[in-house]
Amino acid sequence: MPLCASLPVAGRAFLEFCRIEKGLAANSLDAYGRDLAKLEIWCAAQCAGRIPTSAELLGYVDSLYQGGLGSRSLARHLSTIRNLFAFLIREGYLEDDPTAALPSPRQPRKIPRYLNESEVDRLTLTPDIEKPNGMRDQAMLALLYASGLRVSELCGLETSDLNLDLGVVRVLGKGNKERLVPVGTEALTCIRQYLESGRGRLLGERVSRYLFVTNRGGRLTRQGFWKALRQYGIRAGVQDGISPHMLRHTFATHLLEGGAD
């Protein structure tokens, strides 16, 4: 018998824990709240709003399947439910875990999309290098393909992170881990051209520590680069839905095809 008989009360306590103790972002809290609201509506009709039993939870999950909920949404929904009941047990509101028998839907693994070498060539030749922002964009595309950087790492590079003589960039990645990444000759050539003829024209009299800047003096954002990349992809006639992460997969795939470990 549950020590906390009301699901809405349990849900509010869980969300408050997630907000204060776990410090979850607003988007995550909203997602948890939507999932719990859907469960509460079902429980209000099926078990008078009390904490559901294991059998009742299985019935609820079956209703989600029957309702056509996608596998990703279902997996997130089940994660919310499991986290809720783990919290209730840890706080002493429940003695037994009714989620133990819940299924774990498998997530279909998508094969990463990548560009072939001809598409990469067309893409990197698309920016108009007569213009300073075109030089910048070509340098960014070439560096992204040559190094496999994440787009956040690319946009966050500072001029001091680049060593043209050694042909490497210093990158601050996830978990504030620093690494040195080698850069190919073609990418270095594009970067040199941008530094010599493009970056100063973009900055004018302004000063910036960032490597890739806008004509307002700030660094180019991830969103700005993504938008430009999509336009270049359309003009180059490469795959629909091109993204910075696709270039990261392209870098890795071409390394493997070239015999890398």
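J.: Just give me the short version of the overall build of the chain, but keep the residues and values in it.
T.: Along the backbone of the chain there are 11 helices and three strands. Counting from the amino terminus, the chain carries its helices and strands in the arrangement α-α-α-α-α-α-α-β-β-β-α-α-α-α. Against the compact-globule benchmark of 18 Å for 261 residues, the chain has a radius of gyration of 25 Å, which places it well outside the compact range. In the chain, which comprises 261 residues, the share counted as buried stands at 40%. Accessible area of the chain: about 15,000 Å², with a carbon and sulfur share of 51%. Side chains of the chain give 34 positive and 28 negative charges; the mean places of these two sets differ by 3 Å.

J.: Requested: an account of the packing of aromatic side chains, with residues and values cited.
T.: Aromatic rings in a pair are described by how distant their centres are and how their planes are angled relative to each other. Under the defined criterion, the tally for this structure stands at six aromatic pairs. Taken together through their ring pairs, the aromatic side chains of Phe14, Phe17, Tyr32, Phe87 and Tyr93 make up a single cluster.

J.: I'd love a proper account of the packing of helix α3 (residues 54–66) against helix α4 (residues 71–90), names of residues and values included.
T.: Contact pair α3 / α4: the axes reach a minimum separation of 11 Å and the direction vectors enclose 160°. As summarised for this structure, α3 and α4 are arranged roughly antiparallel, according to the angle between their axes. Between α3 and α4 the crossing geometry is right-handed. Judged by residue contacts, Leu57, Tyr60, Val61, Leu64 and Tyr65 of α3 engage Leu74, His77, Leu78, Ile81 and Phe85 from α4.

J.: With reference to specific residues and values, describe the environment of proline 103.
T.: By the secondary structure assignment, proline 103 is in the loop between α4 and α5 (117–124). With a relative accessible area of 30%, proline 103 lands in the partly exposed category. Once the C-alpha coordinates of proline 103 and glycine 23 are considered, the two residues, 80 residues apart in sequence, prove to be 28 Å apart. Dropping the residues within four chain positions of it, proline 103 is found in contact with Leu58, Val61, Tyr65, Leu78 and Arg82.

J.: Please provide a residue-by-residue account of the pairing of strand β3 (residues 178–182), values included.
T.: Two elements, strand β2 (residues 168–172) and β3, share five bridges in a ladder whose sense is antiparallel. Residue valine 168 lies in a different strand from β3, and its bridge partner there is proline 182. Hairpin geometry of β2 and β3 is characterised by an intervening segment of five residues between the two adjacent antiparallel strands and by a positive phi of about 70° at glycine 175.

J.: Kindly report on the pairing of β2, identifying the contributing residues and their values.
T.: Relative to β2, strand β1 (residues 162–163) is paired through two bridges, and the arrangement is antiparallel. Across the sheet, residue asparagine 163 finds its bridge partner in β2, namely valine 168. What sits between β1 and β2 in their antiparallel hairpin is a turn of four residues, with glycine 167 showing a positive phi close to 70°.

J.: Go over the pattern of salt bridges, please, and point to the residues and values.
T.: Inspection of every chain in the model, using the stated rule, returns nine salt bridges. One salt bridge in this structure joins arginine 19 and glutamate 16, with 2.7 Å as the shortest N-O distance. With arginine 19 and glutamate 16 both in helix α1 (residues 7–20), this residue pair falls three residues apart, about one helical turn. Two residues, arginine 136 and aspartate 137, come together in a salt bridge whose shortest N-O distance is 2.9 Å. Here arginine 136 and aspartate 137 have matching classes, each one buried. One salt-bridge network, held together by shared partners, links Arg150, Glu153 and Arg179.

J.: Which residues make up the environment of alanine 37, and what are the values?
T.: In this fold, alanine 37 is placed in helix α2 (residues 26–46). By relative accessible area, alanine 37 is classed as partly exposed at 35%.

J.: Summarise the nonpolar core; cite the residues concerned and give the values.
T.: Phe212 and Phe225 are the most contacted members of the largest nonpolar core, which has 41 residues in total. Of all the secondary structure elements, the ones that give two or more residues to this core are α5, α6 (132–147), α7 (151–155), β2, α8 (185–197), α9 (199–203), α10 (222–236) and α11 (244–257). At seven residues, α6 tops the list of elements feeding residues into this core. Excluding residues that lie within four positions of it along the chain, phenylalanine 212 makes contacts with Arg136, Ala139, Met140, Leu143, Leu154, Leu157, Tyr194, Gly218, Arg219 and Leu220. Within the second largest apolar cluster, 26 residues are counted, among which are Tyr32, Leu39, Leu74 and Leu88.

J.: Could you give an account of α8, with specific residues and numbers?
T.: In this model, α8 (13 residues) spans 18 Å end to end at C-alpha, consistent with the 18 Å of a helix rising 1.5 Å per residue. Packed against the buried residues of α8 are α6, β1 and α9.

Quick notes on the rules
Residues numbered from 1 in each chain as written. Predicted model: local features only at pLDDT ≥ 70, side-chain atom pairs only at ≥ 80, totals over all residues. Heavy atoms only, no water. Helix = DSSP H or I, 4+ residues; strand = E, 2+ residues; numbered from the N terminus. Rg over C-alpha atoms; globule rule 2.2 N^0.38 Å. Buried < 20%, exposed > 50% of the residue type's maximum accessible area, 1.4 Å probe, protein only. Areas by Shrake-Rupley, 256 points an atom, 1.4 Å probe, with all protein chains shown as cover. Lys, Arg positive; Asp, Glu negative; His and termini not counted. Charge placed at Lys NZ, Arg CZ, Asp CG, Glu CD. Phe/Tyr/Trp six-rings, centres within 6.5 Å; stacked < 30°, edge-to-face > 60°. Axes fitted to C-alpha atoms, helices over the stretch in contact; angles between N-to-C directions. Parallel < 35°, antiparallel > 145°, perpendicular 65-115°, else oblique. Left-handed = near helix turned anticlockwise from the far one by under 90°. Contact = heavy atoms within 4.5 Å. Pairing = 2+ DSSP bridges. Salt bridge = Lys/Arg side-chain N within 4 Å of Asp/Glu carboxyl O. Core = buried A, V, L, I, M, F, W, Y, C linked by side-chain atoms within 4.5 Å. Expected span 1.5 Å × (residues − 1).

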